[in-house]
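# Structural features, examined
The lines below spell out each chain.
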Amino acid sequence: MPFSFERLRIPEVVAIRPRVFPDGRGFFLETYKYSDFAGSGITEHFVQDNHSKSVKGVLRGLHYQKVPKAQGKLVRCLVGRIFDVALDIRRGSSSFGQWVGLELSGEDQQMLYVPAGFAHGFLVMSAVAEVEYKCTDEYSQVHERGIIWNDPEIGIRWPDVNPMLSEKDLILPLLKDADINYDY
């Protein structure tokens with residue numbers, strides 16, 4: 001199998017390592033194969049791919065979409081390094097309000113599967129980072145929501161305590177005030 005799957009502290013969030021085939025020309029790897037992912041329990045179909053480029057210190061997130069347009073994401077860092085975070089926003093879940101974080105880089109090729117019902121964000125740790133992620137539903141501005149990156153009740157331990165944020169991300173609500181309709 002060209003992938004290894006590791007369920008994290010919140011078991012619905014999965015770290016995925018593809019098998020990399022390096023040689024003198026560079027490398028080759030598969031980034032997604034439905035049969036392998038389904039064999040590990042990830043059966044969602046991806047319908048949209050997104051790609052971002054950001055400079056060091058940029059924090060994007062924590063973003064999610066409400067039901068019926070909730071998105072699962074398969075995140076990978078193509079260039080540079082990021083600290084990637086998934087926050088459980090499934091009301092009724094035993095891990096509601098808990099988060100997991102993982103460093104992703106273009107060097108190690110590790111990916112993170114963030115299922116629907118989780119808010120997602122990342123912080124750029126290198127001079128530049130390019131991030132690509134597959135989504136299980138299309139973007140919907142009407143359903144787009146977020147949670148402030150530094151909510152003290154969540155306590156995410158970001159590697160940088162003074163990140164650059166978009167105007168939109170600066171005014172996101174605390175988790176306790178967020179517009180969430182995802183039930184466990």
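A separate point is the pattern of salt bridges. The final tally for this structure, using the stated rule, is ten salt bridges. Among the salt bridges present, the one from Arg 76 reaches Glu 132, with a minimum N-O distance of 3.6 Å. With a gap of 56 residues between them, Arg 76 in strand β7 (residues 73-79) and Glu 132 in strand β12 (residues 128-135) connect regions that are remote in the sequence. The partner of Glu 103 in a salt bridge is Arg 81, and the shortest N-O contact between them spans 3.2 Å. In this pair, Glu 103 sits in strand β9 (residues 99-105) while Arg 81 sits in strand β8 (residues 81-88), placing the two residues 22 residues apart along the sequence. Arg 81 sits in the partly exposed class, given a relative accessible area of 32%.

What follows covers the nonpolar core. Grouped together as the largest cluster of nonpolar side chains are 22 residues, with contacts concentrated most on Leu 62, Leu 87, Ile 89, Ile 147 and Trp 158. Secondary structure elements with two or more residues in this core: β6 (59-65), β8 and β11 (118-124). Setting aside anything within four residues of it in sequence, one finds Ile 89 in contact with Tyr 64, Phe 96, Gly 117, Phe 118, Ala 119, Ile 147, Leu 175, Ile 180 and Tyr 182. Ranked by size, the runner-up nonpolar core spans 21 residues in total, among them Leu 104, Leu 112, Phe 122 and Ala 129.

Of note, Ser 140 is situated in the loop between β12 and β13 (144-146). At 2.6 Å, the side chain of Ser 140 and the side chain of His 143 are in polar contact. When residues no more than four places from it in sequence are discounted, the contact partners of Ser 140 are Gln 65 and Lys 69.

Our focus in this paragraph is the pairing of β9. Buried residues dominate β9, accounting for five of its seven residues. For β8 and β9, the ladder comprises seven bridges, and the chain directions are antiparallel. What sits directly across from Leu 87, in β9, is Trp 99.

A word on the sheet that holds β13. The antiparallel open sheet is built from five strands, whose spatial order is β9-β8-β11-β6-β13. This sheet does not close on itself; its edge strands, each paired only once, are β9 and β13. Shown here is a sheet whose adjacent strand axes are inclined to one another by a mean of 25°, direction ignored. Relative to β11, β6 runs antiparallel, the two being bridged by three bridges. Bridging across to β11, Arg 60 finds its partner in Phe 122.

So, about the environment of Pro 152. Relative to the elements of secondary structure, Pro 152 occurs in the loop between β13 and α2 (167-170). Each C-alpha atom of the pair Pro 152 and Leu 174 lies 8.6 Å from the other, and the pair is 22 residues apart in sequence.

How each quantity is defined
- Residues numbered from 1 in each chain as written.
- Predicted model: local features only at pLDDT ≥ 70, side-chain atom pairs only at ≥ 80, totals over all residues.
- Heavy atoms only, no water.
- Salt bridge = Lys/Arg side-chain N within 4 Å of Asp/Glu carboxyl O.
- Helix = DSSP H or I, 4+ residues; strand = E, 2+ residues; numbered from the N terminus.
- Buried < 20%, exposed > 50% of the residue type's maximum accessible area, 1.4 Å probe, protein only.
- Core = buried A, V, L, I, M, F, W, Y, C linked by side-chain atoms within 4.5 Å.
- Contact = heavy atoms within 4.5 Å.
- Polar contact = N/O pair within 3.5 Å; in protein donor to acceptor, adjacent residues only side chain to side chain.
- Pairing = 2+ DSSP bridges.
- Axes fitted to C-alpha atoms, helices over the stretch in contact; angles between N-to-C directions.

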